[in-house]
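Inside the fold
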Amino acid sequence: MPDISVRNFAGAIHSPNPFWLASAPPTNCGEQIMRAFDAGWGGAVWKTIGEPVTNVSSRYSATDWNGQRIMGFNNIELISDRSVETNLSEMAEVKKRYPRHAVIASLMVESTREAWHEIVARADDAGADGLELNFGCPHGMSERGMGSAVGQVPEYTEMITAWVKEKARTPVLVKLTPNISDIRAVARAAKRGGADGLSAINTINSITGIDLDTLVPRPNVDGKSSHGGYCGPAVRPIALNMVQQIMSDPESALPLSGIGGIGSWRDAGEFFLLGCGTVQVCTAVMHYGYRIVEDMAEGLENWMRSKGFNSIEDFRGLSLPRVTEWKHLNLNYKIVAHIDEQKCIGCDLCHIACWDGAHQCIHLDRVSGPVNGPVEVHTIPAVREAESRASIAVTPVMRKERAANPGLYPTPLERIPRVDETECVGCNLCSLVCPVDECITMVRVDNGLAPETWDERSRGAACAAEPKP
Amino acid sequence: MHTPTLPEDPQLGERFSELKPPLATQAAVIEADRCLNCFDAPCTAACPTHIDVPGFIKRIASGNLRGSALRILDVNILGSSCARVCPVDVLCEGACVMLRHNRQPIQIGLLQRHAMDAFYASGEILSVAGSPRRSLRVACIGGGPASLACAAELQRRGVQATIFERRALPGGLNTYGVAEYKLRASDSLREVEMIRRMGVSFRFEVSVDSAAQLEALESEFDTIFLGVGLGAMQRLGIPGEDTEGVMNALELISSYKTGRIRELHGTAVVVGAGNTAIDAANAARRLGADPVYLLYRRGESDIPAFDFEYEHAKQEGVQFLWRRQPLSIRSDGHGRLLLDTVQMHLVNNSLLPIPDSQFTIACDLLVPAIGQSPLAQLVRELRGVEVQEGRIVAELSTGRTSNPRYYAAGDCVNGGREVVDAVAGGRRAALAILEAAEAAHA
């Protein structure tokens, strides 16, 4: 049985699994966090503690897609609206009852050394296993000189991290904002300041949408809105890129808690493969509740078992060497689309995608016979559609008419597209739009060419261009 | 002037509650989102009117309901009734690629109804060409789907069309002949009213069936479109057919839809096994007849009705008597009918009576439902229009007949198909009429 427990951040924070709740509404209070631990969460980062705030209503908005709720989620809520005393006394209670779970105090106070020293000492006294410095909150707090106002300036990040490290007895994690042109600049600053670890990413500045009836952007607070922080499934690719940037940069790399659109063990696995040691989850829990952790843990264990991994460390970061700069990609690697006609259902989405969005090399000419070559030799999509609309169709009312139509199976040959492999550039688009699993696969073509990158090719050209002595 | 209407009948509504209730708005969006938006979609190709199915479905998904309805009405002016009466299993939904994917075709019929109901709820009238561009005058004989489609298409393109309907209400079989649980007469009339408000003229209770009338029409109109449908239902051709208590299927259906029959009692026997026979048998059940037998001279595997209609009739409690041929109808002298029948079997591919297998069924209502006959009277009077076996000969793609001033489509040409076939034919004829007029003008 794989062991998914983790010991991280200078070896000082351990938890029964790598799944932590991010600092957010699911970690507002001790009662919630204890229920979350009962449900199976390995750790929790407390909703950011600081001078209590007054929040607005409403606070959230979302982007739906194609009938699915909350592809992306946006909030304009600030840090905890409860007193520091209340939060810390509940934290002490949670730690007493759940000594094996990780409890991290997320902190945000005004940017003075005294204020930071005081809050750090109080959090450590409450029994926190670690501290997470919230330098990422992109709305409201930043207008008051906190949150991303700190995280967007490397010098401030380094300075405050150093102040905290002067006092902290537990590991210090710095939570990074993605609202900056290169996240490594702040990651490096945090590392210089002495941080023991990083959390990334915080939410991304966003306006999720505008009500087309009232013309007011969402969320609507008495007729006005404000930009918020975007999270949820939509941001995962952005988060993965930033995680990779941090972990591939020796001056940035620190033990990392990955955040951004994680809702399943698959999502989490990707963050571990790019070097994260733990992951934090918020939106998926706000959507479905604490119970989602069960499948996250089971699914991860089952995947590890199938891959022969015994611990997270066995595979942590394994995909990092697979990410490189474009100039190091093999220009001579050639693949082409292959359509499995036994699986094709005849939607022809690959055909129209290839014609309108790619390289015009998937054709509907199986009946008239294959004709390879450039665009000009083929019937264009608009003509094909016009032909079908001009055809005469009648309802098969008689039994013998219905019998003459053999039905749907198999897909009629004229609806099964054909790939012109001489023209296919191997872009993947058709395989991405195909609704059927494994119907369109990208198959390697042996072109007999040795691997060559753009870097190698341009250096070769530069050498050739150099004047010979 | 308004299109004539029928009074509301709550009892009818209750007995014939809708077979397929409409989708709620959110259910429609969920279903619309499921559509793959195929290229050159097979559903569109299968539809005789070639409605842009993915086009109207994705407009529902985006919340552009008006655009969705207009997309449908572009090619099918009776989109509302087609959404309800089309045998989608053998048309659009039967062609849906989802059948090969997860076995659940997109509910195209219900989605189309969703868009059309929203359109009619809005009260909008389809726009027509600003000012009549042509002096062309067209008469459409018959007020059913073929004529309505032809007239509406002409009107949209600026040509005045006039519909001649022999009955008191327009809509043809859509109003009088479709099972009420599929299409309410009031919904059919609502659709016709929209067409009237687009500018199409109607002349009701005008029966065009003499040479003199046709001659008069020829002098008043440039072109005559024949959308006359079929004639009376075929008779069984057995003794006693005119006994009281015998009522053909279309008569039964139009009678209950217009409130002339509100209830039935006792045993009903329907003869025939087509879609209309099934409609009549189901109607008899819902009106209170029990038991209801459906007699067919061939076997279960030969039944001409669509499979889903047959399954539906079984659910309604209709009992099927296979290979049974009616021989004669008698009165028992006490107000009931005695139907003498004989069992049939196949001998060398011909259907023959089994000796000594006569059996008499006592019943209260006998409903012949073995199809409609051609409209013999009018067809005889048509001069220069070729007719074969009672059907008007017209080119499928244009509706042109052998007389250049006459066009035809719908049941009188195809021998009896679906509403959507009549709409497609009527519209194609309208386009051909316009093209011919343009050519003559040039």
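Residues numbered from 1 in each chain as written. Chains lettered and ligands numbered in written order. Predicted model: local features only at pLDDT ≥ 70, side-chain atom pairs only at ≥ 80, totals over all residues.

Some details on the overall build of chain A
Regarding its fold elements, chain A presents 16 helices and 18 strands. Seen through its principal axes, chain A has C-alpha atoms that stretch 85 × 80 × 50 Å. Taking all 469 residues of chain A together, the buried fraction comes to 44%. Counting only contacts in chain A whose residues sit at least 6 apart along the sequence, the fraction spanning at least 24 positions is 74%. (Helix = DSSP H or I, 4+ residues; strand = E, 2+ residues; numbered from the N terminus. Buried ≥ 20, exposed ≤ 12 C-beta atoms within 10 Å, placed from the backbone. Contact = placed C-beta atoms within 7 Å.)

Details of the sheet that holds strand E2 (residues 160–164) of chain B
Residues and elements named next belong to chain B. A sheet is described by the order of its strands in space; here five strands give the open sequence E3-E2-E1-E4-E15, paired in parallel fashion. Edge positions in the sheet fall to strand E3 (201–203) and strand E15 (406–408), since each of these pairs with one other strand and no more. Strand-to-strand twist in this sheet, taken as the mean axis angle between neighbours without regard to direction, amounts to 25°. One ladder, built from four bridges, connects strand E1 (residues 137–141) with strand E4 (residues 223–226); its direction is parallel. Residue pairing across strands places Val138 opposite Thr223, the latter belonging to E4. (Pairing = 2+ DSSP bridges. Axes fitted to C-alpha atoms, helices over the stretch in contact; angles between N-to-C directions.)

Re the pairing of E1(B)
Residue and element names in this part refer to chain B. Burial of E1 is extensive: four of the five residues sit out of reach of the surface. For E1 and E2, the ladder comprises five bridges, and the chain directions are parallel. Counted as the bridge partner of Val138 is Ala161 from E2. Where the polypeptide runs from E1 across helix H10 (residues 145–156) and back to E2, its parallel neighbour, the crossover connection is right-handed. (Right-handed = clockwise from strand over helix to strand, strands pointing away.)

Comments concerning the confidence of the model for chain B
Reading fine detail from the predicted coordinates is not recommended where pLDDT is low. Mean pLDDT for chain B: 94, with 99% of residues reaching 70 or above. The complex model carries a pTM of 0.93, and its ipTM stands at 0.90. (pLDDT = per-residue confidence, 0-100.)

Some thoughts on the interface of chain A and chain B
Taken together, the contacts link 29 residues of chain A with 28 residues of chain B. Listing elements by their share of the side of chain A that touches chain B, those giving two or more residues are helix H12 (349–357), helix H13 (381–390) and helix H14 (399–404) of chain A. Of the residues forming the side of chain A that touches chain B, the biggest block, five residues, is contributed by H13(A). When grouped by side-chain class, the residues that make up the side of chain A that touches chain B number 14 nonpolar, eight polar and seven charged. (Nonpolar A, V, L, I, M, F, W, Y, C, P; charged D, E, K, R; others polar.)

Section: the domain arrangement of chain A
For chain A, the assigned domains are domain 1 (6–322) and domain 2 (327–444). Its C-alpha centre places domain 1 of chain A at a distance of 45 Å from the equivalent point of domain 2 of chain A. (Domains from an automatic or database assignment.)

Focus: the environment of Arg383(B)
Among the secondary structure elements, Arg383(B) is positioned in the loop between helix H17 (376–381) and strand E13 (387–388). Since 10 C-beta atoms lie within 10 Å of it, Arg383(B) is described here as exposed.

Points about the nonpolar core
Membership of the largest hydrophobic core comes to 158 residues, with the highest contact counts inside it found for Phe225(B), Val270(B), Ala280(B), Ala284(B) and Val367(B). Residue contributions to this core peak at ten residues, all from helix H19 (residues 419–441) of chain B. Setting aside residues no more than four positions away along its own chain, Val270(B) makes contact with Ala249(B), Ala277(B), Ala280(B), Ala281(B), Ala284(B), Val292(B), Leu294(B), Leu295(B), Val367(B) and Ala369(B). In terms of nonpolar packing, the next biggest core, distinct from the first, is built from 96 residues, Trp116(A), Ile201(A), Met242(A) and Phe271(A) among them. (Core = buried A, V, L, I, M, F, W, Y, C linked by C-beta atoms within 7 Å.)

Regarding helix H5 (residues 154–167) of chain A
Taking 1.5 Å as the rise per residue, H5(A) with 14 residues should run 20 Å; its terminal C-alpha atoms sit 21 Å apart, in good agreement. The elements touched by buried residues of H5(A) are helix H3 (113–125), strand E8 (130–134), helix H4 (148–151), strand E9 (172–175) and helix H6 (183–192) of chain A. (Expected span 1.5 Å × (residues − 1).)

Some points on the environment of Ser89(A)
Mapped onto the secondary structure, Ser89(A) falls in helix H2 (residues 84–97). Since 12 C-beta atoms lie within 10 Å of it, Ser89(A) is described here as exposed.

Digging into the sheet that holds strand E3 (residues 19–21) of chain A
Residue and element names in this part refer to chain A. Taken together, eight strands build a closed barrel; the order of strands is E3-E4-E7-E8-E9-E10-E13-E14 and the barrel is parallel. When strand polarity is set aside, the average angle formed by the axes of neighbouring strands in this sheet is 25°. Where strand E4 (residues 43–45) lies against strand E7 (residues 102–107), three bridges are found, and the strand directions are parallel. Paired with Gly43 across the strands is Ala102, a residue of E7.

Quick notes on the packing of helix H14 (residues 249–257) of chain B against helix H15 (residues 275–287) of chain B
All names here are of chain B. It is the contact of H14 with H15, at a shortest axis distance of 9 Å, that shows an interaxial angle of 45°. Of the possible angle classes, the one that applies to H14 and H15 is oblique. Judged by the twist between their axes, the crossing of H14 over H15 is left-handed. Counted together, Ala249, Leu250, Leu252, Ile253 and Tyr256 of H14 and Thr276, Ala277, Asp279, Ala280, Ala283 and Leu287 of H15 form the full contact between these two elements. (Parallel < 35°, antiparallel > 145°, perpendicular 65-115°, else oblique. Left-handed = near helix turned anticlockwise from the far one by under 90°.)

Some details on the domain arrangement of chain B
Residue and element names in this part refer to chain B. Taken domain by domain, chain B holds domain 1 (10–122), domain 2 (137–231 + 373–441) and domain 3 (249–368). Each of domain 2 and domain 3 was reduced to a C-alpha centroid, and the two centroids are 32 Å apart. If you look at the interface, domain 2 gives five residues, while domain 3 gives seven residues. Partitioning the side of domain 2 that touches domain 3 into residue classes produces three nonpolar, one polar and one charged.

Quick look at unusual backbone geometry
The step from Ala200(A) to Ile201(A) runs through a cis peptide bond, and the omega angle for that step is 10°. Relative to the helices and strands, Ile201(A) resides in the loop between strand E10 (197–200) and strand E11 (204–206). A cis amide bond, omega -5°, links Arg218(A) with the succeeding residue Pro219(A). For Pro219(A), the position within the fold is in the loop between E11 and strand E12 (228–231). If you check the backbone angles, Ile70(A) has positive phi at about 55° while not being a glycine. Looking at where Ile70(A) falls in the secondary structure, it is placed in strand E6 (residues 68–75). By C-beta crowding, Ile70(A) is classed as buried, having 22 other C-beta atoms within 10 Å. Phi is positive for Arg103(B), close to 75°, though the residue is something other than glycine. Its place among the elements puts Arg103(B) in the loop between helix H8 (98–101) and helix H9 (108–122). Given 7 C-beta atoms within 10 Å, Arg103(B) falls into the exposed group.

Some thoughts on the pairing of strand E10 (residues 350–353) of chain B
All names here are of chain B. Both strand E9 (residues 337–347) and E10 contribute to a ladder of four bridges, which runs antiparallel. Counterpart to Met344 in the pairing with E10 is Pro353. Here E9 hands over to E10 after two residues, with Asn348 in that stretch at a positive phi of 50°.

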